[in-house]
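A closer look at the structure
Here are the chains, one letter per residue:
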Amino acid sequence: MTNIVEITPSDITEPLEPVHIKYGNVKVDLPNLQDTATLPLEIIQAGIISAHGFNRLSDSDQTTILAAFLAYLQRDFPQLWREINAKAGNKMDDLQRIITVWAEQSALDPKA
């Protein structure tokens, strides 16, 4: 007979202060990257993959992480997505700068 172990979900705590970013003419409040209660699993997964340093990852892993952030921004922050698409001279560079500022303002080391 198989025993079933019941796991009770952890309590949701008070959310951390969001990160306020202005890109072009768009202001957004992005969730703090340390606040796993407010982040979707794909962003948490990207953080786990890049925990030992984004620059240490293979090109394939870096692309996977950037794709996760792109999909998240497109789904949850379409106004920012449209602004990047319309205004960026170098979309990859701007996306990386947004993610770096987001990590820094979340009190994370973006190089880690």
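Each remark here, short or long, concerns the structure printed above.
The following paragraphs examine the structure supplied in this document. A quick note: this is a predicted structure, and the numbers were derived from the prediction, not measured.

Scoring rules and cut-offs
Residues numbered from 1 in each chain as written. Predicted model: local features only at pLDDT ≥ 70, side-chain atom pairs only at ≥ 80, totals over all residues. Heavy atoms only, no water. Helix = DSSP H or I, 4+ residues; strand = E, 2+ residues; numbered from the N terminus. Expected span 1.5 Å × (residues − 1). Polar contact = N/O pair within 3.5 Å; in protein donor to acceptor, adjacent residues only side chain to side chain. Core = buried A, V, L, I, M, F, W, Y, C linked by side-chain atoms within 4.5 Å. Buried < 20%, exposed > 50% of the residue type's maximum accessible area, 1.4 Å probe, protein only. Contact = heavy atoms within 4.5 Å. Phe/Tyr/Trp six-rings, centres within 6.5 Å; stacked < 30°, edge-to-face > 60°. Axes fitted to C-alpha atoms, helices over the stretch in contact; angles between N-to-C directions. Nonpolar A, V, L, I, M, F, W, Y, C, P; charged D, E, K, R; others polar.

**Describing helix H4 (residues 91–105)**
Since the α-helix packs 3.6 residues into each turn, any two residues three or four apart lie on the same face. Over its 15 residues, H4 runs 21 Å from end to end, which matches the ideal 21 Å to within 8%, given 1.5 Å per residue. The N-terminus of H4 is capped by asparagine 90, whose side-chain oxygen sits 3.3 Å from the backbone nitrogen of methionine 92. With its phi angle positive at about 65 degrees, alanine 107 sits one or two positions after the end of H4.

**Digging into the nonpolar core**
Membership of the largest hydrophobic core comes to 27 residues, with the highest contact counts inside it found for Leu30, Phe69, Leu80 and Trp102. If you tally residues by element for this core, the top one is helix H2 (residues 59–76), at six residues. Those residues in contact with phenylalanine 69 that lie beyond four places of it in its chain are Leu33, Ile43, Ala46, Ile99 and Trp102.

**Let's talk about the packing of aromatic side chains**
One pass over the structure, following the stated rule, counts three aromatic pairs. Seen in terms of ring centroids, phenylalanine 69 and tryptophan 102 are 5.4 Å apart; in terms of plane orientation they differ by 80 degrees. Their pairing is edge-to-face. Linking phenylalanine 69 in helix H2 with tryptophan 102 in helix H4, this pair joins segments that are 33 residues apart in sequence. On the basis of relative accessibility, which here comes to 0%, the residue tryptophan 102 falls in the buried class.

**As for the environment of alanine 67**
Tracing the backbone through its elements, the reader meets alanine 67 in helix H2. A relative accessible area of 40% means that alanine 67 is categorised as partly exposed. Along the backbone, alanine 67 and isoleucine 21 are 46 residues apart, and their C-alpha atoms lie at a distance of 20 Å.

**Description of the packing of H2 against helix H3 (residues 78–87)**
Contact geometry of H2 with H3 gives a least axis separation of 5 Å together with a crossing angle of 115 degrees. Seen from H2, the contacting residues are Leu70, Leu73, Gln74, Arg75 and Asp76; seen from H3, they are Pro78, Leu80 and Trp81. Partitioned by chemical class, the residues of the contact of H2 with H3 number five nonpolar, one polar and two charged.

Limitation: the analysis is restricted to geometry and does not speak to function.
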